[in-house]
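Results of the structural survey
Here's the letter readout for the chains.
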Amino acid sequence: MTDSDDVKLPGYKLATRAVRAGQIRSQEGEHAEPIFLTSSFVFKDAAEAAARFSGEEAGNIYSRFTNPTVTTFEKRLAAMEGADCCVATATGMSAILATCMGLLKAGDNVVAGRDLFGSTIVLFNKILTKFGLDFTYVDSTDLAQWEDAINARTKMLFLETPSNPLCSISDIAAIAKIAHDNCALLVVDNTFCTPVLQQPLNLGADIVVHSSTKYIDGQGRTMGGAIVGDKKNVGEDVFSFLRSAGPSLSPFNAWVQLKGLETLSVRMQAHSRFALELASWLEQQPAVERVFYPDLPSHPQHELAKRQQCEAAGIIAFQVKGGRNEAWAVIDNTELFSITANLGDTKSTICHPATTTHGRLTIEERELMGVTENLLRLSVGLEDVDDLKKDLQRGLDKIK
Ligand SMILES: *Cc1c(COP(=O)(O)O)cnc(C)c1O
């Protein structure tokens, strides 16, 4: 858990905080951040142990909930999102679980955008409903639906923007106002944009969750997640779930991802530039029916995207002319794109959402979300864009 203090580097810009925030050098004078691979910490005497356990004195106790490498990662990400607190978790899914377990109780209702990450919907509908929570889904781009779906038991609004896989954009500031007018919290999954391209807390959201497995790691190596927000909700309520339930980020993964944060600004700019070039090219291909990318003027929420985020990141969805066979043909004719559901990697990836990431949903759920059989999702990496075009061209040429 992380408190605000001078390691947040107030007064410095985001790219500087990404490289410098959160580091406290040890007596060894190391330049890079060290990895503290230790499960527990020792106390100088019994009184110090008692003070640490009671919370009277801040400091390390046990790596399930206090580890200096993890703390450095938390402080740095909090500084980048403009928040007081950050709690790191083992995965993005455990960040979402910890947010719900820390802040909700049986009987509460959550209103959520319909086009969420597939596992988030499974967590909500199949697991958390067993504990007395209920979930109402809305078209996340339609403000009237958010307003209408709220009832007296609604405690949280939850959305992803841009959404997965269709890159729909929700108006964070407007939905935050709806949440606050109804005494509910707004939680935004900021995995696709990262704080480099979008800072939901500055737009009025209360809590940001991340899968740091994606762009924050950036090279597809480690799993991780985080919850970012204020001292009460995140620093106390979510942290107390993590402390007792233990889906903690390992110090090694925290270290990898800490170094990921240092290069995040330049990587997000490059991913966005390459993706825009590829999306514009795809839009001109005769075998392509439709491209979904927020930085294209054809995107339905293009104006909102321009206002709300600086660039559009590396995720593109597109429909080919035809159905599943045509979509699979594009996948099967690639040589460079990795056929995997991971995203936010230097290596470009391609997947067929209807039979992979969203395969556990019912056909009705998929149809409502627009996850059609002819839809493909790309995560544009950092290879040369001309090579990526050639790689997709081969499959597209096979579609009549
Ligand atoms: C991957 C992802 C998650 C889940 O994160 P894991 O680290 O895989 O558990 C949640 N939300 C979004 C938007 C994601 O892309």
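Refer to the structure printed above.
Computed from a predicted model, the values in this text were never measured in an experiment.

Reading guide: rules and limits
- Residues numbered from 1 in each chain as written.
- Predicted model: local features only at pLDDT ≥ 70, side-chain atom pairs only at ≥ 80, totals over all residues.
- Heavy atoms only, no water.
- Buried < 20%, exposed > 50% of the residue type's maximum accessible area, 1.4 Å probe, protein only.
- Helix = DSSP H or I, 4+ residues; strand = E, 2+ residues; numbered from the N terminus.
- Contact = heavy atoms within 4.5 Å.
- Pairing = 2+ DSSP bridges.
- Axes fitted to C-alpha atoms, helices over the stretch in contact; angles between N-to-C directions.
- Lys, Arg positive; Asp, Glu negative; His and termini not counted.
- Salt bridge = Lys/Arg side-chain N within 4 Å of Asp/Glu carboxyl O.
- Polar contact = N/O pair within 3.5 Å; in protein donor to acceptor, adjacent residues only side chain to side chain.
- Near = heavy atom within 4 Å.
- Areas by Shrake-Rupley, 256 points an atom, 1.4 Å probe, with all protein chains shown as cover.
- Nonpolar A, V, L, I, M, F, W, Y, C, P; charged D, E, K, R; others polar.
- Parallel < 35°, antiparallel > 145°, perpendicular 65-115°, else oblique.
- Left-handed = near helix turned anticlockwise from the far one by under 90°.

Now for helix H5 (residues 118–127). Among all positions of H5, only Gly 118, Thr 120, Ile 121, Val 122, Leu 123 and Phe 124 are buried. Looking at the packing, one finds that the buried side of H5 touches helix H4 (92–103), strand E2 (109–113), strand E3 (134–138), strand E4 (154–160) and helix H13 (363–369).

What follows is about the sheet that holds strand E7 (residues 225–229). Strands belonging to one sheet form pairs held by backbone hydrogen bonds; the direction of such a pair is parallel or antiparallel. Here we have 7 strands laid out as an open sheet, ordered E1-E7-E6-E5-E4-E2-E3, and mixed in their pairing. Single-partner strands in this sheet number two, and they are strand E1 (85–89) and E3. The sheet shows a mean angle of 20 degrees between the axes of neighbouring strands, direction not considered. As defined by bridge partners, strand E6 (residues 207–211) adjoins E7 across 4 bridges and the pair is classed as antiparallel. What sits directly across from His 210, in E7, is Ala 226. Contacting E1, E6 and E7, helix H3 (residues 68–81) runs over the sheet at an angle of about 130 degrees to E1. H4 contacts E1, E4, strand E5 (185–189), E6 and E7 of the sheet and is inclined by roughly 150 degrees relative to E6.

Our next topic: the side chain of Asp 206. Position of Asp 206 among the secondary structure elements: in the loop between helix H8 (194–197) and E6. The buried charged residue Asp 206 lacks any salt bridge, with Lys 232 as its nearest oppositely charged partner at 13 Å. Within the structure, Asp 206 has its side chain in polar contact with the side chain of His 180 (distance 2.8 Å). For Asp 206, the side chain forms a polar contact with the main-chain nitrogen of Leu 186, separated by 2.8 Å. Among all residues touching Asp 206, those that are not within four sequence positions of it are His 180, Ala 184, Leu 185, Leu 186, Leu 201, Val 228, Gly 229 and Asp 230.

Our next topic: the site of the ligand. In the vicinity of the ligand lie 13 residues, with Gly 92, Asp 189, Ser 211, Thr 213 and Lys 214 positioned nearest. Met 93 is positioned such that a nitrogen or oxygen atom in its backbone is 2.9 Å from an oxygen atom of the ligand. A distance of 2.7 Å separates a nitrogen atom of the ligand from a polar side-chain atom of Asp 189. For the ligand, the accessible surface in isolation is 380 Å², of which the surrounding protein chains cover 93%. For the shell around the ligand, the class distribution of residues is 4 nonpolar, 6 polar and 3 charged.

Mapping Ala 46 onto the fold places it in helix H2 (residues 46–54). The exposure class assigned to Ala 46 is exposed, which follows from its relative accessible area of 67%.

Our focus in this paragraph is the packing of H3 against helix H10 (residues 251–283). It is at 8 Å that the axes of H3 and H10 come closest, and there the two elements cross at 30 degrees. Judged on the interaxial angle alone, H10 and H3 are roughly parallel. Considering how the two elements wind past one another, H3 and H10 form a crossing that is left-handed. Contact with H3, carried on its side by Thr 69, Val 70, Thr 72, Phe 73, Arg 76, Leu 77 and Met 80, involves Pro 251, Ala 254, Trp 255, Gln 257, Leu 258, Leu 261, Glu 262 and Leu 264 of H10 and no other residues of that element.

Once that is clear, we can look at the packing of H4 against H5. For the pair H4 and H5, interaxial distance at closest approach is 10 Å and the crossing angle is 35 degrees. Classified by chirality, the crossing of H5 by H4 is right-handed. Residues Met 93, Ile 96, Leu 97 and Cys 100 of H4 pack against Ser 119, Thr 120, Leu 123 and Phe 124 of H5. Its residues assigned to classes, the contact of H4 with H5 comprises 6 nonpolar, 2 polar and no charged.

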